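# Residue-level structure breakdown
Residue-level listing of the chains:
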Amino acid sequence: MEHNEKCAQSQSCSSSPRFPSPNSQSPPPPPPAPASPSLPPPPTPTVVLSPCAACKILRRRCVEKCVLAPYFPPTEPYKFTIAHRVFGASNIIKSLQELPESQRADAVSSMVYEASARIRDPVYGCAGAICQLQKQVSELQAQLAKAQAEIVTMQCQQANLLAIILEMSQSKEASISQHQPYNMDTTCFLDDNNLGSAWEPLWT
């Protein structure tokens, strides 16, 4: 009986609501962080690969490792047009493949220059331009030698003129010193004291 009463009391105590004490209050939870709006990822830029001038003129697909692409950009189609007109595409490709990469740019410049000269002068080509430049160099060298000879001649004439002027000035000074009259000092004859002192020993 007593056991039943104790169980009833324990059940009533457990079922009774418990009020928290004012000192045992837990801190309020922090406010939730505002959710950042999710931005869509930026679209990847589409890379448009323009074929090189050589492949564009030849109307073929420009591959990634095209031999002609570094030396014939799409902005300079005239370079490949001139070189292709004289040498041909197969010869240009073969020449570039036989050379190391460090010499290919110079080879392309030489081919373009030679092709341009051949189009201007179909007979002599770049040899005619080289001969003309050598002729101009020879003419300029002759003019330079002539000018240097004239400078040396003028320097010699100037030195001779200075020597003549110096000699004339020296001879003029010498002639002036020779024709200068002799100035006798007559003050001793005009002074009475000097005259008396000069004749005084004769009367003593």
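Everything numeric here is computed off the predicted structure, so don't read it as measured data. (Residues numbered from 1 in each chain as written. Predicted model: local features only at pLDDT ≥ 70, side-chain atom pairs only at ≥ 80, totals over all residues. Heavy atoms only, no water.)

### Thoughts on the nonpolar core
One finds A54, L68, F72, F80, I92, L96 and V108 to be the most contacted residues of the largest nonpolar core, which totals 17 residues. Secondary structure elements with two or more residues in this core: α2 (53–58), α3 (77–86), α4 (89–98) and α5 (101–120). Here this core gets four residues from one element, more than from any other, and that element is α4. Apart from the residues lying within four places of it in its own chain, the contact partners of V108 are Y71, F72 and L96. (Core = buried A, V, L, I, M, F, W, Y, C linked by side-chain atoms within 4.5 Å. Buried < 20%, exposed > 50% of the residue type's maximum accessible area, 1.4 Å probe, protein only. Helix = DSSP H or I, 4+ residues; strand = E, 2+ residues; numbered from the N terminus. Contact = heavy atoms within 4.5 Å.)

### Some words on the UniProt feature "coiled-coil region" (unreviewed entry) in the protein
UniProt's feature table lists "coiled-coil region" (unreviewed entry) at residues 130–157, given in the numbering used throughout. Helix makes up 100% of residues 130–157 and strand 0%, with an end-to-end C-alpha separation of 41 Å. (UniProt positions renumbered as here; feature names shortened; annotations may be inferred.)

### What about the pattern of salt bridges?
This structure, assessed with the given rule, holds one salt bridge. Across the pair E76 and K79 runs a salt bridge, and its minimum N-O distance is 3.5 Å. Classification of E76 as partly exposed rests on a relative accessible area of 27%. Among the residues examined, K79 registers a relative accessible area of 18% and is labelled buried. (Salt bridge = Lys/Arg side-chain N within 4 Å of Asp/Glu carboxyl O.)

### Brief notes about the packing of α3 against α5
Taken N-terminus to C-terminus, the directions of α3 and α5 make an angle of 65 degrees; their axes are 8 Å apart at the nearest point. One finds that α3 runs roughly perpendicular with respect to α5. Here α3 runs over α5; the crossing is left-handed. For the pair α3 and α5, the contacting residues are K79, I82, A83, R85 and V86 in the first and V112, A115, S116, R118 and I119 in the second. For the contact of α3 with α5, the class distribution of residues is six nonpolar, one polar and three charged. (Axes fitted to C-alpha atoms, helices over the stretch in contact; angles between N-to-C directions. Parallel < 35°, antiparallel > 145°, perpendicular 65-115°, else oblique. Left-handed = near helix turned anticlockwise from the far one by under 90°. Nonpolar A, V, L, I, M, F, W, Y, C, P; charged D, E, K, R; others polar.)

### Observations concerning α5
Because an α-helix packs 3.6 residues into every turn, residues spaced three or four apart end up facing the same way. Taking 1.5 Å per residue, 20 residues should reach 28 Å; α5 reaches 30 Å between its end C-alpha atoms and fits that length. Every buried residue belonging to α5 is among R104, A107, V108, M111, V112, A115, S116 and A117, and all of these are buried. On its buried face, α5 is in contact with α3, α4 and α6 (126–178). (Expected span 1.5 Å × (residues − 1).)

### A look at the packing of aromatic side chains
Inspection of the entire model under this criterion finds one aromatic pair. Taking 5.2 Å as the distance between ring centres and 80 degrees as the angle between the ring planes, the aromatic pair formed by F72 and F80 counts as edge-to-face. Both residues of the pair, F72 and F80, belong to the buried class. (Phe/Tyr/Trp six-rings, centres within 6.5 Å; stacked < 30°, edge-to-face > 60°.)

### Some points on α4
Inspection of α4 places A89, I92, I93 and L96 among the buried residues, and these make up the whole buried set. Taken end-on, α4 shows its buried residues confined to a sector of 95 degrees, consistent with a single buried face. The exposed set on the far side of α4, more than 90 degrees from its buried face, consists of S90, K94 and E98. (Arc of directions from axis to C-beta.)

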